[in-house]
Amino acid sequence: MLAVVAKLTREVHAGYGNDLAVTLDSSLDRDLGLDSLSRVELFARLEKTFAVTLSEKILFTAETPRDLLRGVTSAGGVETPVAREMPSISEPVGKIDAPVHADTLNSVLRWHVAHHPDRPHIRFYSDRDDGEVLTYGELYRGALKVAAGLQQAGLEFGESVLIMLPTGQEYFCSFFGILLAGGIPAPVYPPGRAKQIEEHLLRHSAIAANCGARIMIVMPEARQFAQLMQHGVGTLKTFLTVNELADLGGSEVVEPVVASGDTAFLQYTSGSTGMPKGVILSHANLLANIRVMGSVVGVSGNDVFVSWLPLYHDMGLIGAWLGSLYFGCRLVIMSPLSFISRPVRWFRAINRYGGTLSAAPNFAYELCQRRIEEKDLKDIDLSSWRCAFNGAEAVSPTIINRFVKRFAGCGFRAESMMPVYGLAESSVGLAFPPLERGVVIDRISRKDLMEKGLAVAGEQEGDDTLEVVSCGLPLPGHQIRVADQKGRELPERRVGSIQFTGPSTTSGYFRNPEASARLFQDQWLDSGDKGYIAAGELYVTGRSKDIIIRGGRNIYPVELEEAVGGIDGIRAGNVAVFGSADKEDATERLIVLAETRVRNPEKLAGLRTGINAAVSDLVGIPPDDIVFAPPNTVLKTSSGKVRRAASRELYEMGMIGKAGNPIWLQMVRFYSRGIGRKVADFSRTAGEFFYACYCWLIFVVFASLTWTVLMVLPMEAWRAGFTRLVSRVVAKIVGIRVVVNGGEYLQSGSGPFLFVSNHASYLDAIIVGAALPLKISFLAKAELKESLFLRFALQRLGVVFVERFDREKGVADAHRLIDRIEGGRSLYFFAEGTFSRMPGLLPFRMGAFETATTSGTPVVPIAIRGTRSILRARSWLPRRGVVRVTIGEPLMPEGDGDLWGRAVQLRDLTRRWILEHCGEPDLGGERSPLANGPDR
């Protein structure tokens, strides 16, 4: 074991000699400097040396050779992959239509369930057997269980829910469960290694705080991490596994009406240039992007998409899964860890299931070249792979060419390679090359690019030549332009800011107006990338914030990082090149931060000379500063991108090379950040509790007083006036402000009216009684008569009790209502008949509108807004707030049709008006609200 580790370490770090001391307790990071890719290589060598198949978890959990030794001794023998064979489940054949009329992801899933519920949707790759299959029907049923549990846990419409789950059936059901419950999924990646715990906690806490999530769906292993996050996030309260959600549910789901413009999910950026921002993506954005990408590539239901991409990243979530879902093609999926540990699995899945589509970042294509041996390629056939998308990071012409050449013998065609360009702010895709065209590489003058911002084409090869890969044409319906600093569009082959617009474009960043304002320039969105257009095609040259301006030249870090990383003694892939402001002359200094294990001064001097030469050869000037750092200093995102801005901050703070803090100190620092918030939370909670006690004390006192007075006063008008006065006084002294709009429609002497409103809280009747000056009879459900205390009081106020379930009694009640109207008394209906904790307007009952049509009485719609947030169903803690009562213009029964038809028309007009003014979503649907377990 120690010999294998030592040999690899010497290969990775040229500065080590034969005297390298490796013990069982040497730190793979701190002592030996083995990064994630080095660990992958070590992982493979150990399996080969000891003829075992290691658990993939060891790859990222092992901290020392002792941990690796435990993994080796407990591992089984080498697993033989399943031979090429067709899966036992019958494959779909024939043309499969797509849901072209669906306007939300919810309706896409329901369409597939309605047309082919048993059709395989996802196959989970396995080395041992055919792998489990998830059908559309199973996905929908699993999602409904999650949705029911979320609604029981108190999820509100439009509320964000964090998902921290690995690739698996639970993730897919959770994502759609949130959507079906009316929530907004916010995917985050599971925590990595323990030594980076503070960074993970800070980042995930920032996401949770930004999206305001109260609920987080976690795997059991991540529960402790999620509970730690509570110390940094005030809103996060509930952590549930998928099984716990399923147990919590049980009642039928009240699916809200979701519009195409509603937010489908929040895609948090990787944070390569700062803290993550939540990109708002609507259902319309996603479906527009999926449809147009599918049309360009010619996706059909008979395609097979093979993916190992993480589901918290837009390429894996939207490009692979949701795209497959929409077009009905099969998705063969494995976890990212499965691919990283054994890249050949990617090829095996394509070979075995006839994969036609697959995507990966540039590094994956390079990893396959290095890690897949010739013996692994036996019987591998990649001829079915018609689209190999390459995106999410800078595309290297060298790596592309090597990949095509290396695997041509396996049937991989050069025409299949498709470098693409996209970003979360455009859902996922923005530019694609023509199908079956292959890769186009533009050779330009490096000098003209740096000094003049010109992409001067030329076929020459040499030190001045720079190769840039074409990302193709804008997707149909989308536009791309390149603009200068003043927002003026530049001509072809002039480098500038890449800007775009189209139906896939985000509306901004969630709860981040400053960043959203910087994103837009009129109708155009700034991608943050630099590039140029030639022959209508897009060429990307780098990130705007990463470009260094030195001596009038634009220096692009990526090429320099690759050159420096290729020097013996420097850790490839662990170099950051960035600019740092010179305080004396206000110019940018060119800084090279390079990881190395070399400590010998003479050898360091040699490395410095090599870096100076490499940088000077490429850009014509040497770096202003070269900083050598120990392994794991260069900061990276979860997807492996170099965080140059964050590395610059470390450099400017003088933190480069300082030992990382132990886990206990990271935890102390994280907890200390939350102390102030904890104190504030406690103060706020205590204040809310005492306020609730005060409210109930006031209510009990005034309710007792009112009941007594109602029993004594002889005239109903006096009783109604006194109750109205008490309602106003109570609202005032407990701090509830009531704002009434539209009172001009209730002119003195007019009426009687039939008032119809939404129902959101027990407070509604009190608020309406205080707001309306007219003589009104409220309708109440007959069940309230069972309480003597309430029955006497309500009867003294002229309340009319109606039967909701007994048809014969209901008819008699209808006659009594008409008698009341004919006697000049206005009636007040809560047309929903009940209310729930979940915000939303439920279906309206027909009683009010039949009464209005029969008696010819005008209906006055009233929208009550704010009472639900003050006192919710199933809650006894009232909160301060403002209630707005909006009164609409009276609506008359119209038309010459039958009474029922006119009543239905009147109901629809009234409900539409209330929906526009109540500020809550539409929960109309087809379900009866009482069939779904009302809260009142």
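Residues numbered from 1 in each chain as written. Predicted model: local features only at pLDDT ≥ 70, side-chain atom pairs only at ≥ 80, totals over all residues. Heavy atoms only, no water.

Quick look at unusual backbone geometry now. We note that Arg511 has phi near 50 degrees; this positive angle belongs to a residue other than glycine. Looking at the element boundaries, Arg511 is found in the loop between strand 21 (496–501) and helix 18 (513–519). Residue classification places Arg511 among the exposed residues on the basis of a relative accessible area of 53%. Despite not being glycine, Asp522 has its phi angle at roughly 60 degrees, a positive value. Residue placement: Asp522 occurs in the loop between strand 22 (520–521) and strand 23 (524–534). (Helix = DSSP H or I, 4+ residues; strand = E, 2+ residues; numbered from the N terminus. Buried < 20%, exposed > 50% of the residue type's maximum accessible area, 1.4 Å probe, protein only.)

Attention now moves to the environment of Leu28. When you line up the elements, Leu28 lands in the loop between helix 1 (2–12) and helix 2 (36–50). It is 9.4 Å that separates the C-alpha atoms of Leu28 and Thr9, two residues lying 19 residues apart in sequence.

Attention now goes to the nonpolar core. Grouped together as the largest cluster of nonpolar side chains are 149 residues, with contacts concentrated most on Leu162, Phe176, Trp321, Trp346 and Phe347. In terms of residue count, helix 12 (residues 314–327) provides more of this core than any other element does, nine residues in total. With near-sequence residues (within four places) excluded, Phe176 lies in contact with Leu105, Asn106, Leu109, Leu139, Ala143, Trp321, Leu322 and Leu325. (Core = buried A, V, L, I, M, F, W, Y, C linked by side-chain atoms within 4.5 Å. Contact = heavy atoms within 4.5 Å.)

The next thing to look at is the confidence of the model for the chain. With 81% of its residues at a pLDDT of at least 70, the chain reaches an overall mean of 81. By mean pLDDT, helix 26 (residues 807–822) is the weakest element of the chain at 59, and strand 11 (residues 304–307) is the strongest at 96. Counting contacts from residues 80–90, a segment whose pLDDT is below 50, to residues more than four positions away or on other chains yields 20 contacts. The low-confidence segment residues 926–936, where pLDDT is below 50, has 31 contacts with residues more than four positions distant or belonging to other chains. (pLDDT = per-residue confidence, 0-100.)

Right, let's get into the pairing of strand 13 (residues 357–360). Successive side chains on a regular strand alternate, one facing one side of the sheet and the next facing the other. Residue alternation in strand 13 divides its side chains into two sets, Leu357 and Ala359 and Ser358 and Ala360, and both sets are buried. Looking at chain direction, strand 11 and strand 13 are connected through two bridges and run parallel. Following the sheet pairing, Val306 is matched in strand 13 by Ser358. What joins strand 13 to strand 14 (residues 387–390) is helix 15 (residues 362–371), and the crossover it makes is right-handed. (Pairing = 2+ DSSP bridges. Right-handed = clockwise from strand over helix to strand, strands pointing away.)

A separate point is the environment of Asp568. By secondary structure assignment, the location of Asp568 is in the loop between helix 19 (557–565) and strand 27 (575–581). Assessed through its relative accessible area of 65%, Asp568 is described here as exposed. Along the primary structure Asp568 and Gly610 are separated by 42 residues, whereas in three dimensions their C-alpha atoms are 9.2 Å apart.

One pass over the full model with this rule turns up 31 aromatic pairs. Relative to Trp321, the ring of Phe175 has its centre 5.4 Å away and its plane inclined at 75 degrees; by these criteria the two rings are edge-to-face. One end of the pair, Phe175, is in helix 7 (residues 169–180); the other, Trp321, is in helix 12, and 146 residues separate them in sequence. Taken together through their ring pairs, the aromatic side chains of Trp308, Phe339, Trp346, Phe347, Phe363, Tyr365, Trp385, Phe403, Phe407 and Phe412 make up a single cluster. It is Lys277 that lies over the ring of Tyr509; its NZ or CZ is 5.4 Å from the centre. One cation-aromatic arrangement involves Arg911 over Phe844; the distance from NZ or CZ to the ring centre is 5.7 Å. (Phe/Tyr/Trp six-rings, centres within 6.5 Å; stacked < 30°, edge-to-face > 60°. Lys NZ or Arg CZ within 6 Å of the ring centre and 35° of its normal.)

So, about the sheet that holds strand 7 (residues 215–218). Strand order across the open sheet formed by four strands is 6-5-7-8, with parallel pairing between neighbours. One side of each edge strand has no neighbouring strand; the edge strands of this open sheet are strand 6 (184–187) and strand 8 (238–240). Each strand axis lies, on average, 25 degrees off the axis of its neighbour in the sheet, ignoring direction. Sheet analysis places strand 5 (residues 160–164) next to strand 7, joined by four bridges and oriented parallel. Looking at the pairing, Leu162 lines up with Met216 of strand 7. (Axes fitted to C-alpha atoms, helices over the stretch in contact; angles between N-to-C directions.)

The subject of this paragraph is the sheet that holds strand 12 (residues 330–333). Pairing within the open sheet is mixed, and its seven strands lie in the order 4-3-12-11-13-14-15. Unpaired on one side and paired on the other, strand 4 (133–135) and strand 15 (417–419) mark the two borders of the sheet. Across the sheet, the mean angle from the axis of one strand to that of its neighbour is 20 degrees, orientation sign disregarded. On top of the sheet, helix 7 reaches strand 3 (120–124), strand 4 and strand 12; it is set at about 140 degrees to strand 3, its chief contact.

With that out of the way, let us pick up the pattern of salt bridges. Under the defined criterion, the tally for this structure stands at 22 salt bridges. We note a salt bridge from Arg66 to Asp25, for which the minimum N-O separation is 2.9 Å. On the criterion of sequence distance, the pair formed by Arg66 in helix 4 (residues 65–74) and Asp25 in the loop between helix 1 and helix 2 is long-range, its members being 41 residues apart. Salt-bridge contacts for Arg488 lead to Asp484; the nearest nitrogen and oxygen are separated by 3.1 Å. Through salt bridges with shared partners, one network takes in Arg413, Glu415 and Glu436. (Salt bridge = Lys/Arg side-chain N within 4 Å of Asp/Glu carboxyl O.)

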